[in-house]
Protein chains: 2
Amino acid sequence: MSTDSGRFPLRLNIPGAVVEMRHGSGGRSMSQLIEEIFLKHFDNELLRAANDQAAFNVSTGRMVMSTDGYVISPLFFPGGDIGSLSVHGTINDVAMSGARPLYLSAGFILEEGFPMADLEKIVISMAHAAHDASVPIVTGDTKVVNRGKGDGVFITTTGIGIVPHNVMISSEQAQPGDAILVSGTIGDHGIAIMANRENLDFETTIKSDSAALHTLVADMVTAAPAIHCLRDPTRGGLATVLNELAYQSHVGMKLDEQMIPVKPAVQALCELLGLDPLYVACEGRLVCICAQQDASRILEAMRAHPLGSEAAIIGEVIEDTHGFVQMETCFGGNRVVDWLAGEPLPRIC
Amino acid sequence: MSTDSGRFPLRLNIPGAVVEMRHGSGGRSMSQLIEEIFLKHFDNELLRAANDQAAFNVSTGRMVMSTDGYVISPLFFPGGDIGSLSVHGTINDVAMSGARPLYLSAGFILEEGFPMADLEKIVISMAHAAHDASVPIVTGDTKVVNRGKGDGVFITTTGIGIVPHNVMISSEQAQPGDAILVSGTIGDHGIAIMANRENLDFETTIKSDSAALHTLVADMVTAAPAIHCLRDPTRGGLATVLNELAYQSHVGMKLDEQMIPVKPAVQALCELLGLDPLYVACEGRLVCICAQQDASRILEAMRAHPLGSEAAIIGEVIEDTHGFVQMETCFGGNRVVDWLAGEPLPRIC
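Within each chain, residue numbers correspond to sequence positions counted from 1 in written order. Chains carry letters from A onward and ligands carry numbers from 1 onward, assigned in written order. Under the rules for a predicted model, residues below a pLDDT of 70 receive no local features and side-chain atom pairs below 80 are neither given nor counted, while totals for whole chains, interfaces and linings still include all residues. As a convention, hydrogens and water are excluded, and side-chain values are obtained from all of the structure's heavy atoms.

Student: Which residues make up helix α3 (residues 82-95) of chain A, and what values go with them?
Tutor: Labels follow the DSSP assignment, with helices taken as runs of H or I lasting at least four residues and strands as runs of E lasting at least two, numbered in each case from the N terminus. The span expected for a helix works out to 1.5 Å for each residue beyond the first. Taking 1.5 Å per residue, 14 residues should reach 20 Å; α3(A) reaches 20 Å between its end C-alpha atoms and fits that length. Taking the backbone nitrogen of Gly83(A) as reference, a side-chain oxygen 2.7 Å away marks Asp81(A) as the first, capping residue of α3(A). N or O atoms closer than or at 3.5 Å make up a polar contact, with two conditions inside protein: a donor-capable atom paired with an acceptor-capable one, and, for residues adjacent in sequence, both atoms drawn from side chains.

Printed below as a string of structure tokens:
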């Protein structure tokens, strides 16, 4: 749909413009914002139909639906921005069921006064992330709140996907004896954000690991369809995800600290900031729990994928009705890895 | 899932509590908020599975997906609140394709310090609206932003639905000669909000028309599956929706002001506030465009439904490549009903 010059006498002057209340009014200004920023960059047939909903054909099967809000601060960070994160994060939540993600929706809550150029940058980043993942953004919504009642941009994305018929992954399926795998180094995302906020410059800049994991999951599921659990360790980090899985499966877990991959720079910054990498968010990693006999095949499939090259087996599921997660430390001790209780890393996603 | 007292030593003290940053951390506090407020009230099997996504079976067909953010202020108003509105509004966007809505997701962005009792009130209202509509909320997300970076609660809901195989409703299908119908009085929602904000008390309190329209749509589609366009006149009101449909269908429209149902109290408050009811949002009304020969059958079906008892034929589609919407006024004159340009009613939904 090309911009109809009769309808919008002047094009949006993106470099100089800011978001105004009228851009959320439902009227001509909103229509122009949608055409000149959202439609232009997201650009796909379903979105262009410009109904209040997207329509597409589905085949009989098991479908999943997932939603996530993104309120990260700062909006732009090493390795990504709120736009790419909002695409990756929701694709990952869909993919953690073993599903092939099909479509995304995106809802924007904009603060009056937000620079239009920053909005376009975010939208372009979302468009690239969606294109690279082959998961189009097919419908959306824009609201504007008064200055001081929001924080630039909040984005809520929802994804749907279809699960292969032989796959049944769910968080209550961990069994004593199962292997626990992680797809790569932990804590990169959270530390990249914190270092950016605190203006901590290290020898090398730590980048967010933000990435869409659905092709990695597809390779894993092909290698061994009987995966028991998959979860991406975002807020609350690896420790929280393992506690959730232990709780939901009524089992315990025993981790080997030496086997958990952490980048030296991440480890160093964690020490500086008084953080434990086990509780620091990732946005492009996954935890997999599977039967021991499947573990090496899955590990091999992970390592063969660019997003799983540092995958490792980090522990095993044990019997424990209390759902405790324990860890043998590098020093040979043993400690309980509890749920995250407070909030050391606000607005990390 | 009953609350495990070992996991949360103290239950949430809802009357005294407020939302804190830790409720968005992904850790134990968030888990408790989810169990003791969201799971408790939304209560369904899919949500209880407590994965990061909901899974369900679908059959081959045409599916629709729609998303909407809700930033209404005030959060509670005569006839509803942000919770019921966020369920009705998205069900309606799905239903405007003729689809039967299946499931909803809900993403919450909470401001630190928001009273937990108000959050529960909103969640209970959403739960009732979803239950009454038979469209369960099957997955969700919660984020918390710092005090002063949000405005109490923002909610983004996404809905999916299945379109009956003989229905094909879309906004570019209006044809010259078609009839234009509206399902009831216009402007009630917007005026209820504005009167509430301005503390205007009239003889009778004007209530929002907020309602889920999917059963009305189902009755209309049964009466005449060949409906051309359906749209709910929310932000920007009836005038904006008709301009959108005229633009997308490359036609003009001719309205008869006398036939447009407006409550006398709404008309009076519009005059007091300097508003034109044609531009005031509804949240439980729809506009239908159909062939003349289907109009009386559809009107009859609408009037037989409690949400369409005041339905009326308000005009017809005419040939006009400029997409103008014209109206014959009560005084016998003729005027152009343009798009809404500014933002007279901010944060109306």
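Student: Which residues make up the confidence of the model for chain A, and what values do they have?
Tutor: All names here are of chain A. Each residue carries a pLDDT score, the predictor's own confidence in it, on a scale running from 0 to 100. Taken as a whole, chain A shows an average pLDDT of 94; of its residues, 97% reach a score of 70 or greater. For this analysis, residues touch if any pair of their heavy atoms sits within 4.5 Å. Counted against residues more than four places away or in other chains, residues 1-5, with its pLDDT under 50, gives 13 contacts. Of the two predicted TM-score estimates for the complex, the pTM is 0.96 and the ipTM is 0.95.

Student: Let's hear about the pattern of salt bridges: which residues, and what values?
Tutor: Between side chains of opposite charge, a pair can form as their charged atoms come close. We count a salt bridge whenever a side-chain nitrogen from Lys or Arg sits within 4 Å of a carboxyl oxygen from Asp or Glu. Considering all chains together, one arrives at 30 salt bridges over all chains under this definition. Of the charged contacts, one joins Asp141(A) and Lys143(A) as a salt bridge, the two residues approaching to 2.8 Å between their closest N and O atoms. Like Asp141(A), the residue Lys143(A) is buried in the burial classification. For Arg335(A), the salt bridge is made with Asp276(A), and the minimal N-O distance between the two is 2.9 Å. Of this pair, Arg335(A) sits in strand β14 (residues 334-336) while Asp276(A) sits in the loop between α8 (264-273) and β11 (287-290); the two residues are 59 residues apart in sequence, bridging distant segments of the chain. Note on Asp276(A): relative accessible area 25%, which makes it partly exposed. Shared partners join several salt bridges into a network, and the residues in it are Asp68(A), Arg235(A), Asp141(B) and Lys143(B). Relative accessible area decides the class of each residue, using a 1.4 Å probe on protein chains only: under 20% of the type maximum gives buried, over 50% gives exposed, and in between gives partly exposed.

Student: I'd like to hear about the pairing of strand β12 (residues 312-318) of chain B, residue by residue, with values.
Tutor: Residue and element names in this part refer to chain B. We treat two strands as partners when DSSP finds at least two bridges between them. In terms of strand pairing, strand β8 (residues 179-182) meets β12 through 4 bridges, oriented antiparallel. Directly across from Ile180, in β12, lies its bridge partner Gly315. With 4 bridges joining them, strand β10 (residues 252-256) and β12 adopt antiparallel strand pairing. Looking at the pairing, Leu255 lines up with Gly315 of β12.

Student: Provide a residue-level description of the relation of the copies chain A and chain B, including the pertinent values.
Tutor: The copies were overlaid by least squares, fitting only the C-alpha atoms of residues that reach a pLDDT of 70 or more in each copy. The two copies are related by a screw operation: chain A maps onto chain B through 180 degrees of rotation and 0.0 Å of translation along the axis, at an RMSD of 0.0 Å. Such a combination of turn and shift is consistent with a two-fold rotation axis. When the interface residues of chain A are mapped onto chain B, 100% of them again lie at the interface, so the same face is used by both copies.

Student: How would you explain the packing of aromatic side chains if you had to name every residue and give the values?
Tutor: Geometry of aromatic contacts follows a simple scheme: Phe, Tyr and Trp rings, the Trp one being its six-membered ring, pair when their centres are within 6.5 Å, and the pair is stacked under 30 degrees between planes, edge-to-face over 60, tilted otherwise. Per the counting criterion, the structure on display carries 9 aromatic pairs over all chains. An angle of 40 degrees between the planes, with centres 6.1 Å apart, marks the rings of Phe38(A) and Phe42(A) as tilted. Of the two residues, Phe38(A) and Phe42(A) both sit in helix α1 (residues 28-42), 4 residues apart, roughly one turn of that helix. Owing to a relative accessible area of 6%, Phe38(A) belongs among the buried residues under this scheme. For Phe42(A), a relative accessible area of 10% translates into the label buried. Between Tyr247(B) and Trp339(B) the ring centres are 6.4 Å apart and the planes differ by 75 degrees, which places this aromatic pair in the edge-to-face class.

Student: Lay out the interface of chain A and chain B in plain terms, naming residues and giving numbers.
Tutor: Listed as interface residues are 85 residues of chain A and, on the opposing side, 85 residues of chain B. In this description, buried area is defined as the sum, over both parts, of the accessible area (probe of 1.4 Å) that is lost when the two are combined. It is Met65(A), Arg235(A) and Tyr247(A) that lose the most area in chain A upon contact with chain B, and together they represent 12% of the buried surface on that side. Counting every contact that joins chain A to chain B gives 10 salt bridges. Where Asp52(B) meets Arg231(A), a salt bridge forms, and the shortest distance between an N and an O atom there is 3.9 Å. One can count 40 residue pairs in polar contact (both at pLDDT 80 or more) joining chain A with chain B. For the side of chain A that touches chain B, the secondary structure elements donating two or more residues are α1, β1 (54-58), β2 (61-70), α3, β5 (100-111), β6 (137-145), β7 (153-163) and α7 (237-249) of chain A. With 9 residues, β2(A) is the largest single contributor of residues to the side of chain A that touches chain B. Side-chain classes follow a simple rule in which Ala, Val, Leu, Ile, Met, Phe, Trp, Tyr, Cys and Pro form the nonpolar group, Asp, Glu, Lys and Arg form the charged group, and the remainder, Gly included, forms the polar group. Looking at the side of chain A that touches chain B, its residues break down into 31 nonpolar, 34 polar and 20 charged. Pairing of β1(A) with strand β2 (residues 61-70) of chain B involves 5 bridges; the strand directions are antiparallel.

Student: Requested: an account of the sheet that holds strand β8 (residues 179-182) of chain A, with residues and values cited.
Tutor: Residue and element names in this part refer to chain A. Sheet architecture is open: 7 strands sit in the order β9-β11-β8-β12-β10-β13-β14, paired in mixed fashion. Two strands in the sheet have a free side with no partner beyond their single neighbour: β9 (229-231) and β14. Each strand axis lies, on average, 25 degrees off the axis of its neighbour in the sheet, ignoring direction. Fitting a line to C-alpha atoms yields each axis, with helices limited to the stretch in contact; the angle taken between N-to-C directions then spans 0 to 180 degrees.

Student: I'd love a proper account of the domain arrangement of chain A, names of residues and values included.
Tutor: Interface size is often expressed as the accessible area that is lost when the parts come together. Residues and elements named next belong to chain A. Taken domain by domain, chain A holds domain 1 (21-163) and domain 2 (179-336). Facing the 20 residues of domain 1 at the interface are 22 residues of domain 2. When the two sides are added together, the surface that domain 1 and domain 2 hide from each other amounts to roughly 1,600 Å², 62% of it contributed by carbon and sulfur. By the criterion of area lost to domain 2, the three top residues of domain 1 are Pro78, Asn92 and Met96, representing 36% of everything that side buries. Across the contact surface, domain 1 and domain 2 share 0 salt bridges. The interface formed by domain 1 and domain 2 includes 8 residue pairs in polar contact (both at pLDDT 80 or more). Elements that contribute at least two residues to the side of domain 1 that touches domain 2 include exactly β3 (76-77) and α3. Top element by residues in the side of domain 1 that touches domain 2 is α3. It accounts for 8 residues. Bear in mind that the domain bounds are from an automatic or database domain assignment.

Student: Pulling in residues and values, what's your account of the side chain of Arg285(B)?
Tutor: All names here are of chain B. Mapped onto the elements, Arg285 comes out in the loop between α8 (264-273) and β11 (287-290). A distance of 2.6 Å separates a polar atom in the side chain of Arg285 from the backbone oxygen of Thr185. Look past the residues within four positions of Arg285 in its chain and what remains in contact with it is Ser183, Gly184, Thr185, Asp188, Asp209, Leu213, Asp232, Pro233, Lys263 and Leu307.

Student: Quick rundown of unusual backbone geometry? Include the residues and the values.
Tutor: Backbone torsion omega between Ser73(A) and Pro74(A) reads 0 degrees, so that peptide bond is classified as cis. Secondary-structure assignment places Pro74(A) in the loop between β2 and β3. Unusually for a residue other than glycine, Asp43(B) sits at a positive phi of about 35 degrees. One can find Asp43(B) in the loop between α1 (28-42) and α2 (45-48). Exposure remark for Asp43(B): the relative accessible area of 43% places this residue in the partly exposed category.

Student: Give a detailed account of the sheet that holds strand β5 (residues 100-111) of chain B, specifying residues and quantitative values.
Tutor: By way of backbone hydrogen bonds, the strands of a sheet pair with one another, either parallel or antiparallel. The strand order across the open sheet built from 5 strands is β1(A)-β2(B)-β7(B)-β5(B)-β6(B), with neighbouring strands paired in mixed fashion. Two strands in the sheet have a free side with no partner beyond their single neighbour: β1 of chain A together with β6 (137-145) of chain B. Taking the axes of each pair of neighbouring strands and ignoring which way they run, one obtains an average angle of 20 degrees across the sheet. Packed onto the sheet, α1(B) meets β5 and β6 of chain B and runs at close to 140 degrees relative to β6(B). With respect to the sheet, helix α3 (residues 82-95) of chain B is in contact with β2, β5, β6 and β7 (153-163) of chain B, its orientation differing from that of β7(B) by roughly 30 degrees.

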